[in-house]
Amino acid sequence: MSNPQFVPAEIVTAEKMNELPKGVIGYAEITASASPAAPGPTDIPGLSVTVSVTANRRIRVTVYASQAGSSVAADRHSFMIREGSTTLNVQLRLFSVTSIHDGATASVVITPSAGSHTYKASAQRIGGTGTLTWGAAGTQPSFILVEDLGEAS
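In what follows, the accompanying structure is described. None of the values given here were measured: they were computed from a predicted structure. (Residues numbered from 1 in each chain as written. Predicted model: local features only at pLDDT ≥ 70, side-chain atom pairs only at ≥ 80, totals over all residues. Heavy atoms only, no water.)

Right, let's get into the overall build of the protein. Counting secondary structure elements, the protein contains one helix and eleven strands. In the protein, the succession of α and β elements from N to C terminus is α-β-β-β-β-β-β-β-β-β-β-β. Overall, the C-alpha framework of the protein stretches about 65 × 30 × 20 Å when taken along its three principal axes. Taken over 153 residues, the protein has a buried fraction of 41%. (Helix = DSSP H or I, 4+ residues; strand = E, 2+ residues; numbered from the N terminus. Buried < 20%, exposed > 50% of the residue type's maximum accessible area, 1.4 Å probe, protein only.)

To continue, consider the sheet that holds strand β3 (residues 57-65). Within a sheet, neighbouring strands are paired by backbone hydrogen bonds and run either parallel or antiparallel to one another. Spatial ordering of the open sheet is given by β1-β11-β3-β8, a layout of four strands whose pairing is antiparallel. Bordering the open sheet on either side are β1 (23-30) and β8 (104-110), each of which pairs with just one other strand. Averaged over all pairs of adjacent strands, the angle between their axes in this sheet comes to 10°, without regard to strand direction. Where β3 meets β8, seven bridges bridge the pair, whose relative direction is antiparallel. In the sheet register, I59 faces β8, and the bridge partner there is I110. (Pairing = 2+ DSSP bridges. Axes fitted to C-alpha atoms, helices over the stretch in contact; angles between N-to-C directions.)

Time to look at the environment of Y119. Residue position: Y119 is located in strand β9 (residues 115-127). Residue Y119 is classed as buried on the basis of its relative accessible area, which comes to 0%. Along the chain, Y119 and I81 lie 38 residues apart, while their C-alpha atoms are 6.9 Å from each other.

In this section: the pattern of salt bridges. Oppositely charged side chains are able to pair whenever their charged atoms sit close together. Using the criterion set out here, one finds four salt bridges in the structure. The salt bridge partner of R82 is D43, with a shortest N-O separation of 3.4 Å. Residue R82 is found in strand β5 (residues 75-83), and its partner D43 is found in strand β2 (residues 42-53); the two are separated by 39 residues along the sequence. Relative accessible area serves as the criterion here: at 8%, R82 is assigned to the buried category. Of the residues examined, D43 reaches a relative accessible area of 36% and is grouped as partly exposed. One salt bridge connects D148 with R57, and the closest N-O pair in it is separated by 2.8 Å. Here D148, found in strand β11 (residues 142-151), pairs with R57, found in strand β3; they are 91 residues apart in sequence, far enough to count as distant. (Salt bridge = Lys/Arg side-chain N within 4 Å of Asp/Glu carboxyl O.)

Here the focus is unusual backbone geometry. Both trends apply: most residues other than glycine have a negative phi, and most peptide bonds are in trans. A positive phi angle, close to 60°, is found at N56, a residue other than glycine. Along the polypeptide, N56 turns up in the loop between β2 and β3.

As structure tokens, then:
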């Protein structure tokens, strides 16, 4: 990632501005829990965001489940960031007891092609027989966040 250098009294050009991070370019949250179907990868309803990316940008996509749990002890589930059917990153979880556990986070930094991209949160049971709960509440939302980190070098 480039590190823009500015000097006192320098005129800030469009080229210099393009080096800077643009910050949040997409966000979606849910405030009610979801129980995605198993065993295949299943999208979490409401946790999808479409963003427009300009050429040569580095972005970070983060997915956060404020709570996660399984109906069966010793279940294994994966929390994924996906674009279409392509998994960009995954967070694996083993549930040792039957209950809601701490949250889960997956994040990935990528340099996508210019244009429109839709990123989504998905989950999949990879071991066991239980039902996953992707938890969320009004005061503890689960979310997907897309941030522009600046020009890719």
